[in-house]
Amino acid sequence: MLFGLGRRGWTKDSVAGGAAAAVPRGLRVYAVGDVHGRLDLLDRLLATVADDAASAPELVKYLVFLGDYVDRGPESAGVIDRLAAGPPPGFGAVHLKGNHEQALIQFLDDVSVGPGWLKFGGRETLASYGVPPPPATAPREVLGVIQRQLSARLPDTHRRFLADLRPYVAIGDYLFVHAGIRPGVPLADQGERDFLWIRKDFLDSDEDLGAVVVHGHTIREAPEVRHNRIGIDTGAYASNRLTCLVLEGTERRFLST
Ligand SMILES: [Mn+2]
């Protein structure tokens, strides 16, 4: 039932207790929680990360963005623009997919998801692309017009960025994913729905998950550190607190706005 991925070979023993989980030597990982259209906070956090990284020029620095870049906050287009431009000099980056990106991608293809998306934050994303957001009760024909306008205004770089988002990434003893994974299911058998949406079954699980799962999606006042997972969605769009987990060797610490 173990994932069999990752260079260390995840076994129940290798991450028992969670505290011994490590990323490979020579690497420092900066994992960033749900941005939700707050370009101001993203820029502030990236400046903090750059300052932090300046003290360790010998290390390889890697940013992992956990998804939910769009919706709710005012500058979704600006956030995608910033992320699509690539990481700051000296960093690598991977961008994971969140359920809000999935909704945006689906809406470009299928207006029937429009009402749901508009209710959970899509209005702000449309506005950020200069498309006047309709009420969630708008008829299908109106949503079709909105869809065409959004499609016309979405830069190719944004379209490519959205298409290239990954469901998860494994680094050392850690697995990074937007919402979580289904306990007891091998990674190869997990479905996108759980990667992007899962809450209770994952959050309540006390099982060893085969890796320490670093995730966003579920808002907490402060980072939530358990033996089998670390949640870092601190609700930035409303709290003004965007959180970053820093991993180096077996060390863990947090940066935030
Ligand atoms: Mn989410």
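See above for the structure.
In this text the structure is predicted, and so the values were computed from the model without any measurement.

Asker: Outline the nonpolar core, listing residues and values.
Answerer: As a rule of thumb, nonpolar side chains are buried together in soluble globular proteins. Membership of the largest hydrophobic core comes to 42 residues, with the highest contact counts inside it found for Y30, Y69 and L150. When residues in this core are grouped by element, the largest group, 7 residues, is from helix 1 (residues 39–54). When sequence neighbours within four positions are dropped, the list of residues in contact with Y69 reads V35, H36, G37, S76, V79, I80, L83, H95, L96, E101, F161 and L165. Counting residues in hydrophobic clusters, the runner-up holds 19 residues, among them V23, V64, I232 and L245.

Asker: So what about the pattern of salt bridges? Which residues, and what values?
Answerer: Enumeration according to the criterion identifies 13 salt bridges in this entry. Note that D52 and R28 form a salt bridge whose closest N and O atoms lie 3.0 Å from each other. Of this pair, D52 sits in helix 1 while R28 sits in strand 1 (residues 27–32), placing them 24 residues apart in sequence. Grouping residues by exposure puts D52 and R28 together as buried. When salt bridges that share partners are traced, they join R28, D52, E248, E251 and R253 into one network.

Asker: Pulling in residues and values, what's your account of helix 4 (residues 114–128)?
Answerer: Within an α-helix, residues lying three or four positions from one another point in the same direction, as the helix has 3.6 residues per turn. Under the 1.5 Å per step criterion, the end-to-end length of helix 4 is only 16 Å for 15 residues, more than 12% shorter than the ideal 21 Å. When the local axis directions of helix 4 are compared, the greatest deviation, roughly 85°, occurs at G121. Taken residue by residue, helix 4 has G114, W117, L118, G121, G122, T125 and L126 as its buried positions. At its buried positions, helix 4 is contacted by helix 2 (76–84), helix 3 (99–107) and helix 5 (140–153). G130, located one to two residues past helix 4, shows a positive phi value of around 80°.

Asker: Just give me the short version of unusual backbone geometry, but keep the residues and values in it.
Answerer: Unusually for a residue other than glycine, H36 sits at a positive phi of about 45°. For H36, the position within the fold is in the loop between strand 1 and helix 1. At R72, a residue that is not glycine, the phi angle is positive and equals roughly 75°. Within the element layout of this structure, R72 appears in the loop between strand 2 (60–65) and helix 2.

Asker: Could you give me a rundown of the sheet that holds strand 1, with the residues and numbers involved?
Answerer: The 5 strands are arranged 3-2-1-9-10 in an open sheet whose pairing can be described as mixed. In this open sheet, the two strands that pair with only one neighbour each are strand 3 (91–95) and strand 10 (251–256). The average angle at which neighbouring strand axes cross in this sheet is 20°, direction not considered. The pairing of strand 1 with strand 9 (residues 243–248) spans 5 bridges and is classified as antiparallel. Residue pairing in the sheet places Y30 in a bridge with V246 of strand 9.

Asker: Got a sec to walk through the pairing of strand 2? Specific residues and values, please.
Answerer: Two elements, strand 1 and strand 2, share 6 bridges in a ladder whose sense is parallel. Across the sheet, R28 pairs through a bridge with K61, a residue of strand 2. Taken together, strand 1, helix 1 and strand 2 form a β-α-β motif whose crossover is right-handed. Bridge count between strand 2 and strand 3: 5 bridges; the pairing is parallel. Across the sheet, residue F65 finds its bridge partner in strand 3, namely H95. For the crossover that starts at strand 2, traverses helix 2 and ends in the parallel strand 3, the hand is right-handed.

Asker: An account of the sheet that holds strand 6 (residues 212–215) is needed here, citing residue identities and associated values.
Answerer: The strand order across the open sheet formed by 5 strands is 4-5-6-8-7, and the pairing between neighbours is mixed. Where the open sheet ends on each side, the last strands, each with one partner, are strand 4 (168–171) and strand 7 (224–225). With 3 bridges joining them, strand 6 and strand 8 (residues 229–231) adopt parallel strand pairing. Across the sheet, V213 pairs through a bridge with R229, a residue of strand 8.

Asker: Please provide a residue-by-residue account of the packing of aromatic side chains, values included.
Answerer: Tallied over the entire structure, the rule returns 6 aromatic pairs. Geometrically, the ring pair formed by F120 and W197 is edge-to-face, given 5.9 Å between the ring centres and 80° between the ring planes. Here the residue F120 occupies a position in helix 4, and W197 occupies one in helix 7 (residues 192–197), the gap between them amounting to 77 residues. The class of F120 is partly exposed, set by a relative accessible area of 24%. The positively charged end of R229 is found above the aromatic ring belonging to F202, 5.8 Å away from the centroid.

Definitions and limits used
Residues numbered from 1 in each chain as written. Predicted model: local features only at pLDDT ≥ 70, side-chain atom pairs only at ≥ 80, totals over all residues. Heavy atoms only, no water. Core = buried A, V, L, I, M, F, W, Y, C linked by side-chain atoms within 4.5 Å. Buried < 20%, exposed > 50% of the residue type's maximum accessible area, 1.4 Å probe, protein only. Helix = DSSP H or I, 4+ residues; strand = E, 2+ residues; numbered from the N terminus. Contact = heavy atoms within 4.5 Å. Salt bridge = Lys/Arg side-chain N within 4 Å of Asp/Glu carboxyl O. Expected span 1.5 Å × (residues − 1). Bend = angle between axes of the 7 residues up to and from the residue. Pairing = 2+ DSSP bridges. Axes fitted to C-alpha atoms, helices over the stretch in contact; angles between N-to-C directions. Right-handed = clockwise from strand over helix to strand, strands pointing away. Phe/Tyr/Trp six-rings, centres within 6.5 Å; stacked < 30°, edge-to-face > 60°. Lys NZ or Arg CZ within 6 Å of the ring centre and 35° of its normal.

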